[in-house]
Each structure stands twice: as C-alpha cells, then as structure tokens.
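Topology and contacts: notes
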Amino acid sequence: MNDTNTFTTRGRPRKLDTAAGLKKALTLFQKYGFENVSVAELSATLNATATSIYATYGNKEALFLKALELYKTQFLASLEKVLTESQNPSEMFRNSLEMCLEFYLNENHRSGCLILQGHLFCRNKTLLDEISKLQNELQTRLKDRLQKLGSESPEELADVLITLMGGIALSVKSESDEDKLYTTLEFFCTAFEC
C-alpha cells in the first residue's frame, strides 16, 4: 500500500489583477514607449500569458489606451488641484511646474510624462491622435485658467508651461541630482514672473 498521495491542482489559471496589471503596463509604456514594449515583455512584467492579457485588456493598442487614460486621470487630478488653488498667473506658473516635478519624481518614479512624451516611439495613428488630443486638452486647461487669473498672454504662457513641463519630464529621466532639478525649476519660475 502506498501512503504517499500526490495531488495535482488543475483548473483555470488565476485571473489577472486588472488594476495592478494596468499600473505595471503603464510603467513599461512610460519608460520605453509603445513601439519598444513587446507583448512578451508585457507578459513577463504582468506575470500573465499573452492570451490572458488579450482577454483582460484587448490587444496591445487597447492596453496602451487604458494605460494612457489611467495616466491622464492621475496627472490631471494633481494638476487640477494646483490650478484651482492658484490665485494669480505667477503662482499658477510656479505651482504647475513644482507639481510636475514632484509628480514625475514620485508618482512616476522618473518615467517621464506619457501625455507630453507618449508620441515618442509610437507610429500608431490611433494612439498618436489620442495623445495629441490629450496634449490639446492640457494646453486648453492651462490657457483657460491663466485667462481666468488675468494673464495678459494666456496662450503664450500656456505654450511656455507645456514646453517646460515636457523639459522637466525629460530632465527627471536623465538627471540623478534632485537638488539640481529644483534649482533649474527655481530659475524658470524666476525668469518667467508673469
């Protein structure tokens, strides 16, 4: 008689954690761009089969769009708070840049900005159109708030802000000295007193 019983567990594989998987995919897309992330890399990072990823999110394009929506929600929630609390154009300018630097360093873990840099390493027209739409939405939010705060040149100042936000996102990815990043930010804020 054999006392040793061996049981093998069979059945469906565990379901992919949709929210956690989306956050991991977002990190990959931010670091490497849409084109440079393969389905194999997504599978390894999400610890899921390609079939499971497709079943949960759709194809790679659909997953990117979901990740972009998550990023938009996080980024714009932080920005909206700053825009609402700012009392004048100079304060809004400074607060927006400080928020971006903090967001890029802490929330994004130095991964850049998917809205302002998502078009890099992407040739997919649908995705490029969506990224462009978000960039325009961001620009409009900045311009409208600057206008409400009495800026004499809200459109031009919004352009400058967008450019600096994108520059800060790039700098955060490449510059390891956080003090230097804050010094640069202070220089921008002083130079562009509104």
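Look above for the structure.
The shown structure was predicted, so the numbers you read here are calculated from the model rather than taken from an experiment.

Re unusual backbone geometry
Most peptide bonds adopt trans geometry, and most residues besides glycine take a negative phi value. The phi dihedral of N47 is positive, around 55°, even though this residue is not glycine. Along the chain, N47 turns up in the loop between α2 (39-46) and α3 (50-57). Positive phi, close to 65°, is recorded for R110, a residue that is not glycine. Structurally, R110 can be placed in the loop between α5 (89-107) and α6 (114-117).

Details of helix α1 (residues 18-32)
In this model α1 runs 21 Å from its N-terminal to its C-terminal C-alpha over 15 residues, within 8% of the 21 Å that 1.5 Å per residue would give. All of the buried residues along α1 are G21, L22, A25, L26, L28, F29 and Q30. Along its buried surface, α1 packs onto α2, α3, α4 (60-85), α6 and α8 (154-174). The opening residue of α1, the one whose side-chain oxygen lies 3.3 Å from the backbone nitrogen of A19, is D17. G33, located one to two residues past α1, shows a positive phi value of around 85°.

Considerations on the packing of α5 against helix α9 (residues 178-191)
Orientation of α5 relative to α9, taken along the N-to-C sense of each, is 160°, at an axis distance of 10 Å. For the element pair α5 / α9, the angle class is roughly antiparallel. Viewed along their axes, α5 and α9 form a crossing whose handedness is right-handed. Packed against α5, whose contacting residues are F93, R94, L97, E98, L101, E102 and L105, the element α9 presents E178, L181, Y182, L185, E186, F188, C189 and T190 at the interface. Here the contact of α5 with α9 is built from residues that sort into 9 nonpolar, 1 polar and 5 charged.

Quick look at the packing of aromatic side chains
For the structure shown, the criterion picks out 9 aromatic pairs. A ring pair is formed by F34 and F64, whose centres lie 5.4 Å apart and whose planes are at 75°; its orientation type is edge-to-face. Of this pair, F34 sits in the loop between α1 and α2 while F64 sits in helix α4, and the two are 30 residues apart along the sequence. Residues F75 and Y104 carry aromatic rings whose centres are separated by 6.2 Å and whose planes lie at 5° to one another, so their mutual orientation is stacked. Highlighted residues: F75 in helix α4 and Y104 in helix α5, separated in sequence by 29 residues. With respect to burial, F75 and Y104 carry one shared label: buried. Aromatic rings pair up to connect Y71, F75, F103 and Y104 into one cluster.

Points about the state of the cysteines
Applying the stated criterion to the full structure yields 0 disulfides. In this structure C113 is not part of a disulfide, and its nearest cysteine sulfur, from C100, lies 7.0 Å away. Assessed through its relative accessible area of 1%, C113 is described here as buried. Cysteine C122 is unpaired, with the sulfur of C113 as its nearest cysteine sulfur at 15 Å. Residue classification places C122 among the buried positions, given a relative accessible area of 8%.

Calculation rules
- Residues numbered from 1 in each chain as written.
- Predicted model: local features only at pLDDT ≥ 70, side-chain atom pairs only at ≥ 80, totals over all residues.
- Heavy atoms only, no water.
- Helix = DSSP H or I, 4+ residues; strand = E, 2+ residues; numbered from the N terminus.
- Expected span 1.5 Å × (residues − 1).
- Buried < 20%, exposed > 50% of the residue type's maximum accessible area, 1.4 Å probe, protein only.
- Contact = heavy atoms within 4.5 Å.
- Polar contact = N/O pair within 3.5 Å; in protein donor to acceptor, adjacent residues only side chain to side chain.
- Axes fitted to C-alpha atoms, helices over the stretch in contact; angles between N-to-C directions.
- Parallel < 35°, antiparallel > 145°, perpendicular 65-115°, else oblique.
- Left-handed = near helix turned anticlockwise from the far one by under 90°.
- Nonpolar A, V, L, I, M, F, W, Y, C, P; charged D, E, K, R; others polar.
- Phe/Tyr/Trp six-rings, centres within 6.5 Å; stacked < 30°, edge-to-face > 60°.
- Disulfide = S-S within 2.5 Å.

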